[in-house]
Amino acid sequence: MNDIAAPRARDVLRRGPFVSLLAGQFVSQLGDGLIYLSLIIMLNRLLDETRATAAIGILLICQTAPRVLFGLLAGVYVDRLDRKRLMIVADVARGLIVLACLLVTRPDDIWIYYVCAALLSALSAVFAPAKSASLPHLVTKDQLLIANTLSQTGFYVALTTGTALAGVLIGVFDSPVPAIIFDAISFGVSALFIAALPLPHHVQRASTQRAAQVWAELKDGLRFIAGQRLLVGSIAGFSLTMLGAGATNVLFVPFVVNDLGLSETWVEIGRAHV
């Protein structure tokens, strides 16, 4: 099995456009990992322990709710828009939104974190299906499974590395500014990689179709998922896992920093391995 999989993985990695997309996304996701825990630490610094825990919970809701609300509809609309242009616009917009986090300097400003988190999440909900739908144009059909595997692996490696690096940057600069600037630049790097991809500029479906047609397609997709018992079970299990992880994400930084008295640098590095 390994003898068969290894050459095919190498074949996928020889496809220049796919590697370009993978590299651009790695840089962007590295920036996401940097800012993710940096904002949590800043909330913990700006607020007292009780308010910080509540604020972190609100921040995580802002980071996840838009994906749930817009994710399904975004998948339907991706076929009606130019995917390449959509991803570039989403990256540029996210880079500008991240910079707004630099305006937070006191407790009264933390609402900016919430707004930025919600907007970033909504744009990511649009970007993700556009990226996934672009893969068939960059690799052959029999390489799609490996391409998706490499993409997901790169995501987790980048996110883990980014959270660890966040601790180092905060320890050295005692500020989230480097992480925020890096994340903004990373979106620009991703946009440049995407701009060079040989993706078709046409749309597969008319963008003028009525809302009723969009809703019908959405229901067809949900009906298909509901009919796949293995898929439904996987989604349910993953949802429960993420529910537990969410509680850990809210409590981890305040507990380790405020209660155990550990350095924020070690919090970030330790959190990256949890």
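Details of the structure are given in the entry above.
Keep in mind that this is a model prediction, so the values were computed, not measured. (Residues numbered from 1 in each chain as written. Predicted model: local features only at pLDDT ≥ 70, side-chain atom pairs only at ≥ 80, totals over all residues. Heavy atoms only, no water.)

Visitor: Help me understand the overall build of the protein, please; the structure alone is not making it clear to me.
Guide: Counting secondary structure elements, the protein contains 10 helices and 0 strands. Of the regular secondary structure in the protein, the N- to C-terminal order runs α-α-α-α-α-α-α-α-α-α. Per-residue burial over the protein gives 41% buried out of 274 residues. If you take every contact in the protein between residues at least 6 apart in sequence, the share linking residues at least 24 apart comes to 83%. For the protein, the accessible area works out to roughly 14,600 Å², and carbon and sulfur atoms hold 69% of it. (Helix = DSSP H or I, 4+ residues; strand = E, 2+ residues; numbered from the N terminus. Buried < 20%, exposed > 50% of the residue type's maximum accessible area, 1.4 Å probe, protein only. Contact = heavy atoms within 4.5 Å. Areas by Shrake-Rupley, 256 points an atom, 1.4 Å probe, with all protein chains shown as cover.)

Visitor: Help me understand the side chain of Gln-29, please; the structure alone is not making it clear to me.
Guide: Within the secondary structure, Gln-29 sits in helix H2 (residues 16-46). Among the residues examined, Gln-29 registers a relative accessible area of 8% and is labelled buried. If sequence neighbours within four positions are ignored, Gln-29 has contacts with Lys-131, Gly-154, Phe-155, Ala-158 and Leu-159.

Visitor: Would you mind showing me how to read the packing of aromatic side chains here?
Guide: Aromatic ring pairs are described here by two measures, namely the spacing of the ring centres and the angle between the planes. Overall, the coordinates contain 1 aromatic pair when judged by the stated rule. A centroid spacing of 5.0 Å and a plane angle of 75 degrees characterise the contact between Phe-155 and Tyr-156, whose relative ring orientation is edge-to-face. A residue is classified by how much of its surface remains accessible, and Phe-155, at 28% relative accessible area, is partly exposed. Look at Tyr-156 and you get partly exposed, because its relative accessible area is 47%. (Phe/Tyr/Trp six-rings, centres within 6.5 Å; stacked < 30°, edge-to-face > 60°.)

Visitor: Honestly, helix H3 (residues 49-77) in this entry has me stumped. Any pointers?
Guide: An α-helical turn contains 3.6 residues, so a residue and the one three or four places further along point in the same direction. With 29 residues, H3 should reach 42 Å at 1.5 Å per residue; the first-to-last C-alpha distance of 42 Å fits that figure. When the local axis directions of H3 are compared, the greatest deviation, roughly 45 degrees, occurs at Phe-70. Regarding H3, the residues found buried are Ala-52, Ala-55, Ile-56, Gly-57, Leu-59, Leu-60, Cys-62, Gln-63, Pro-66, Ala-74 and Val-76. Regarding H3, its N-cap is Asp-48, as a side-chain oxygen of that residue lies 3.0 Å from the backbone nitrogen of Arg-51 further along. (Expected span 1.5 Å × (residues − 1). Bend = angle between axes of the 7 residues up to and from the residue. Polar contact = N/O pair within 3.5 Å; in protein donor to acceptor, adjacent residues only side chain to side chain.)

Visitor: It is not clear to me how the pattern of salt bridges should be interpreted in this structure. Could you clarify?
Guide: Two side chains of opposite charge can pair, provided their charged atoms sit close to one another. What the rule picks out here adds up to 4 salt bridges. Put simply, Arg-106 and Asp-109 hold a salt bridge, and the shortest N to O gap is 3.8 Å. Residues joined by salt bridges that share partners form a network here, namely Arg-106, Asp-108 and Asp-109. (Salt bridge = Lys/Arg side-chain N within 4 Å of Asp/Glu carboxyl O.)

Visitor: Can you walk me through helix H7 (residues 177-195) in this structure?
Guide: Helix length check: H7 (19 residues) gives 27 Å between terminal C-alpha atoms against 27 Å at 1.5 Å per residue, within 8%. Pro-178, Ala-179, Ile-180, Asp-183, Ala-184, Ser-186, Phe-187, Ser-190, Ala-191 and Ile-194 are the residues of H7 that are buried.

Visitor: Looking at this structure, I do not really get empty space enclosed by the protein. What am I missing?
Guide: Unoccupied space between atoms shows up once a probe the size of one water molecule is rolled over them. Counted according to the given criterion, the structure contains 2 cavities of 30 Å³ or more. What the second largest cavity holds in volume is close to 30 Å³. Every residue along the wall of the second largest cavity is listed here: Phe-18, Leu-21, Leu-22, Gln-25, Lys-131, Leu-135 and Ser-151. In terms of residue count, H2 provides more of the lining of the second largest cavity than any other element does, 4 residues in total. (1 Å grid on protein atoms, 1.4 Å probe; cavity = no way out; pocket = protein on both sides within 12 Å on 5 of 7 lines; lining within 4 Å. Points joined across faces, edges and corners; volume = space filled by probe spheres on them.)

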